[in-house]
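Each chain, written out:
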Amino acid sequence: MTVSGADIARVFRAEHGRAVSVLIRALGDIDLAEDAVQDAFTVAVERWPRDGMPPSPAGWIITTARRRAIDRLRREATREARHTEALALHAPDDGSGLPEEGPVRDERLRLVFTCCHPALSREAQIALTLRLLGGLTTPEIAHAFLVPESTMAQRIVRAKSKIRSAGIPYRVPRDEDLPARLASVLAVLYLVFTEGHTATAGADLGRPDLAAEAIRLARVLVELMPDEPEAAGLLALMLLTEARRPARTDAAGELVVLAEQDRSLWDRALVDEGQALVHRCLRRGAPGPYQLQAAINAVHTDARTAAETDWSQVVALYDHLLRLAPTDVVRLNRAVAVAELDGPQAALALLDRLDLDGYVALHVVRAELLGRLARWPESAAEWDRAAGLSDNGPESRHLLARAARAAGAAARTGDRR
Amino acid sequence: MKTYLISLFSPDGPPPEDLDLTTVMADLEVVNADIRAAGGWVFAGGLADQASATTIRRPRDGVADAVLTDGPFAEAKEHLGGLTILRSDDYDVVLGWAERIAGATGLPVEVRPFQGDGDPGQAPTDQ
């Protein structure tokens, strides 16, 4: 079997986190570990096409990286430092002599908790997670978040330097800290996903690569922490959202809203997987915010048409979510479901209590509800407002088109603005 | 083992009248006792009013006189009010202590490592 560059790139993405995490543990230094893994892949690019892919690519990479690291240290380090580092490299890898830590042992878990340590800014957490765990290059991450490469490079360097100088530990948090620390990891993955789903700015609605990356990392997390229902809930939420991607844009790349989507375009395999996860989560009876959002998405994907959606179930799930996360964004989403159940007037009254002025979704929902009440001039103004607030090309064009339609309706019905 | 500085930032002016300083000090002492018990204690202290500060500037040329200014280095609404220096090999434990100090005083607290590992200062008692 011939090994192509694409094959090696796939292995790089899939195994980078595992390899780097094992090497960080052995070397005690992130940069050394990254360099060693990079070296090993350079060797792989030479050898694999000639000799074929080794039976365990990850094992091969780790062994080669370890050897390369020893070579590198021999070349570069002072006598004394070399002695210390060599000891670390040959230290047994069974964790003996280390303080008792959390229940799970996979090295990648240590890595993700270090990347998402609360002493790092959210931006740094995201960049480090994608770089170290996800194996994305700095230019790839910079491109995904539309920042200059130099900015992203600096962000990563600064974060790694803080880990070193502050002594941010490389370990899975103790049980009593785990819920708070896990929440930080989940938030990072979800932010990567939502940026992939609807980009903050740009010519395309989303960045499918980023969403796929978030799903891959969420799968890793669920594999590593199978007993954490919120991790599974987050994965389910991502899968059910991602399943609708093919129907979210039309042939011209324009946005299609949920109610108007061609549901036959939804990715059935993702829907089934997401729904199965939701059911498994709910059976555990420890619903958290991600599980509830996944459950809401499961109700949507259960309905063959928008009209068949079980809105009372959706409202009930939002009520539950509000008890855990009493935010105006959740209240806004609940109001959308209330509109389907009790009519637009009832929902509009709910919106008046929210402090979300300037939030695109608020103006979209209000515009939509006003339109249903045939209050066209007000509706057109809200669509306009929403369009002005969006920096995402397809989204803002969609909103402007809606504004024009509402304005047209206002002119036809003789309303004055 | 690393050494860390925990700085407390106080708002300008006298402490609010409803603040029971005795309780604050007692709460702080509980944290300090735990730091001592963990073998991390180096130093802690509260600073006098920032109006008592003097700022001194002097170029490295060895010629120019020092310039003294009456007042703190930076005029701000909040200033360094006290500090704790401690040692630990566990950053999460240090953050935990800092959270307790913040909780005991209600003041924002900054945690910052000294450069390098080990003891950054001269500690004759260790010799």
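## Observations regarding the overall build of chain B
For chain B, the count of helices and strands is 2 helices and 6 strands. Secondary structure elements of chain B occur, N-terminal to C-terminal, as β-α-β-β-β-β-α-β. Dimensions of chain B, computed from the C-alpha atoms along their principal axes, are close to 50 × 45 × 25 Å. Sorting the 127 residues of chain B into buried and exposed places 28% on the buried side. Restricting the contact set of chain B to residue pairs at least 6 apart, pairs at least 24 apart contribute 73%. Side chains of chain B give 9 positive and 21 negative charges; the mean places of these two sets differ by 9 Å.

## A look at the overall build of chain A
Tallying secondary structure elements over chain A gives 20 helices and 2 strands in all. Dimensions of chain A, computed from C-alpha atoms along their principal axes, come out at roughly 85 × 45 × 40 Å. Going through the 417 residues of chain A one by one, you find that 51% of them count as buried. If you take every contact in chain A between residues at least 6 apart in sequence, the share linking residues at least 24 apart comes to 65%. Surface accessibility of chain A: about 19,800 Å² in total, with carbon and sulfur atoms responsible for 53%.

## Description of the sheet that holds strand β5 (residues 78-88) of chain B
Residue and element names in this part refer to chain B. The 4 strands are arranged β2-β5-β1-β6 in an open sheet whose pairing can be described as antiparallel. Looking along the sheet, the strands with just one partner apiece sit at the ends: β2 (41-46) and β6 (109-113). With direction set aside, neighbouring strand axes in the sheet form an average angle of 20 degrees. As judged from the 5 bridges shared by strand β1 (residues 2-11) and β6, these two strands associate in the antiparallel manner. Within β6, the position partnered with Leu5 by the bridge is Arg112.

## As for the packing of aromatic side chains
Tallied over the entire structure, the rule returns 5 aromatic pairs over all chains. Summarising the aromatic geometry, the rings of Tyr190 of chain A and Tyr290 of chain A are spaced 5.7 Å apart at their centres and angled 75 degrees between planes, so their arrangement reads as edge-to-face. Separated by 100 residues along the polypeptide, Tyr190 of chain A in helix α9 (residues 178-197) and Tyr290 of chain A in helix α14 (residues 289-302) bring together distant segments of the chain. Since its relative accessible area comes to 22%, Tyr190 of chain A is described here as partly exposed. Its end group placed over the ring of Trp41 of chain B, Arg36 of chain B keeps NZ or CZ at 4.3 Å from the ring centre.

## A closer look at a negative patch on the surface
Taken together, the side chains of Asp175, Glu176 and Asp177 of chain A together with Glu99 of chain B present a region of like negative charge at the surface. Mapped onto the elements of the fold, Glu99 of chain B is located in helix α2 (residues 91-105).

## Brief notes about the confidence of the model for chain B
In the predicted model, chain B carries a mean pLDDT of 89, and the fraction of residues at 70 or more is 92%. In this model residues 123-127 of chain B is a low-confidence stretch, pLDDT under 50, and it forms 2 contacts with partners more than four residues away in sequence or in other chains.

## Things to note about the nonpolar core
Residues and elements named next belong to chain A. Leu23, Phe113 and Leu221 are the most contacted members of the largest nonpolar core, which has 118 residues in total. Tallying contributions element by element places helix α10 (residues 208-224) first for this core, with 10 residues. Residues within four places of Phe113 in sequence aside, it is in contact with Arg171, Val172, Pro173, Leu178, Arg181, Leu182, Val185 and Met225. Counting residues in each nonpolar core, the second largest holds 12 residues, with Ala339, Leu356, Val365 and Leu369 among its members.

## Quick word on the pattern of salt bridges
All names here are of chain A. According to the stated counting rule, one finds 36 salt bridges over all chains in the structure shown. A salt bridge links Asp31 to Arg164; the nearest nitrogen and oxygen atoms lie 2.9 Å apart. Separated by 133 residues along the polypeptide, Asp31 in helix α2 (residues 30-51) and Arg164 in helix α8 (residues 149-166) bring together distant segments of the chain. Taking the shortest distance from any N to any O, the salt bridge between Arg268 and Asp272 comes out at 3.5 Å. With Arg268 and Asp272 both in helix α13 (residues 268-284) and 4 residues apart, the pair spans about one turn of that helix. Under the relative-accessibility criterion, Arg268 is labelled partly exposed at 47%.

## Description of the domain arrangement of chain A
All names here are of chain A. Along its sequence, chain A is carved into domain 1 (5-90), domain 2 (108-225) and domain 3 (232-306). In this complex, domain 2 contributes 16 residues to the contact, which on the side of domain 3 involves 15 residues. Where domain 2 abuts domain 3, roughly 1,400 Å² becomes buried across the two surfaces, and 71% of that area is made up of carbon and sulfur atoms. When the area that domain 2 buries against domain 3 is broken down by residue, the three leading residues are Tyr190, His197 and Leu205, summing to 38%. The interface formed by domain 2 and domain 3 includes 1 salt bridge. A salt bridge links Glu273 to Arg219; its shortest N-O distance comes to 2.5 Å.

## Notes on the interface of chain B and chain A
Listed as interface residues are 8 residues of chain B and, on the opposing side, 12 residues of chain A. Interface area, chain B with chain A, both sides summed: about 680 Å², of which 46% is carbon and sulfur. For chain B, the biggest contributors to the area lost against chain A are Lys2, Tyr91 and Asp92 of chain B; these three give 66% of the whole. Seen at the junction of chain B and chain A, the total is 4 salt bridges. Mapped by element, the contributors of at least two residues to the side of chain B that touches chain A are β1 and α2 of chain B. Among the elements that line the side of chain B that touches chain A, the one with the most residues is α2 of chain B, at 4 residues. Along the lines of polarity and charge, the residues of the side of chain B that touches chain A split into 5 nonpolar, no polar and 3 charged.

Parameters and conventions
Residue numbers here run from 1 along each chain, matching the order of that chain's written sequence. Note on labels: chains are lettered from A, ligands numbered from 1, in written order. Side-chain atom pairs in this predicted model are given and counted only at pLDDT of 80 or more, local residue features only at pLDDT of at least 70, and totals for whole chains, interfaces and linings cover all residues. Note: side-chain values were computed over all heavy atoms of the structure, leaving out hydrogens and water. Going along the chain from the N terminus, every DSSP run of H or I of four or more residues is numbered as a helix, and every run of E of two or more is numbered as a strand. Relative accessibility thresholds used throughout: buried, under 20% of the residue-type maximum; exposed, over 50%; partly exposed, between the two (1.4 Å probe, protein chains only). The contact criterion used throughout is that any non-hydrogen atoms of two residues lie within 4.5 Å. Positive: Lys, Arg. Negative: Asp, Glu. His and the chain ends are not part of the count. We put the charge of a Lys on NZ, of an Arg on CZ, of an Asp on CG and of a Glu on CD. Every accessible area reported is derived by Shrake-Rupley at a probe size of 1.4 Å, with residue values counting cover from the shown protein chains alone. Between any two strands, pairing holds if DSSP finds at least two bridges. Every axis in this analysis is a line fitted to C-alpha atoms, fitted for helices over the stretch in contact. Angles between the N-to-C directions lie between 0 and 180 degrees. Stacked, edge-to-face and tilted labels apply to pairs of Phe, Tyr and Trp rings (six-membered ring for Trp) whose centres lie within 6.5 Å, assigned for plane angles under 30 degrees, over 60, and everything in between, in that order. Two conditions define a charge sitting above a ring: the NZ of Lys or the CZ of Arg must be within 6 Å of the ring centre, and it must be within 35 degrees of the ring normal. Each patch is built from residues lacking any salt bridge and having more than 30% relative accessible area; the joining distance is 9 Å for like charges and 5 Å for nonpolar side chains (Val, Leu, Ile, Met, Phe, Trp, Tyr). Within this document, salt bridges are pairs made up of a side-chain nitrogen of Lys or Arg and a carboxyl oxygen of Asp or Glu, the two lying within 4 Å of each other. What pLDDT expresses is the predictor's confidence in each residue, scored from 0 to 100. The definition of a nonpolar core used throughout is a set of buried Ala, Val, Leu, Ile, Met, Phe, Trp, Tyr and Cys residues joined through side-chain atoms within 4.5 Å. Domain start and end points were adopted from an automatic or database domain assignment. We define buried area as the total accessible area lost by two parts upon association, computed with a 1.4 Å probe and summed across both. Under the scheme applied, nonpolar residues are Ala, Val, Leu, Ile, Met, Phe, Trp, Tyr, Cys and Pro; charged residues are Asp, Glu, Lys and Arg; polar residues are all the others, including Gly.

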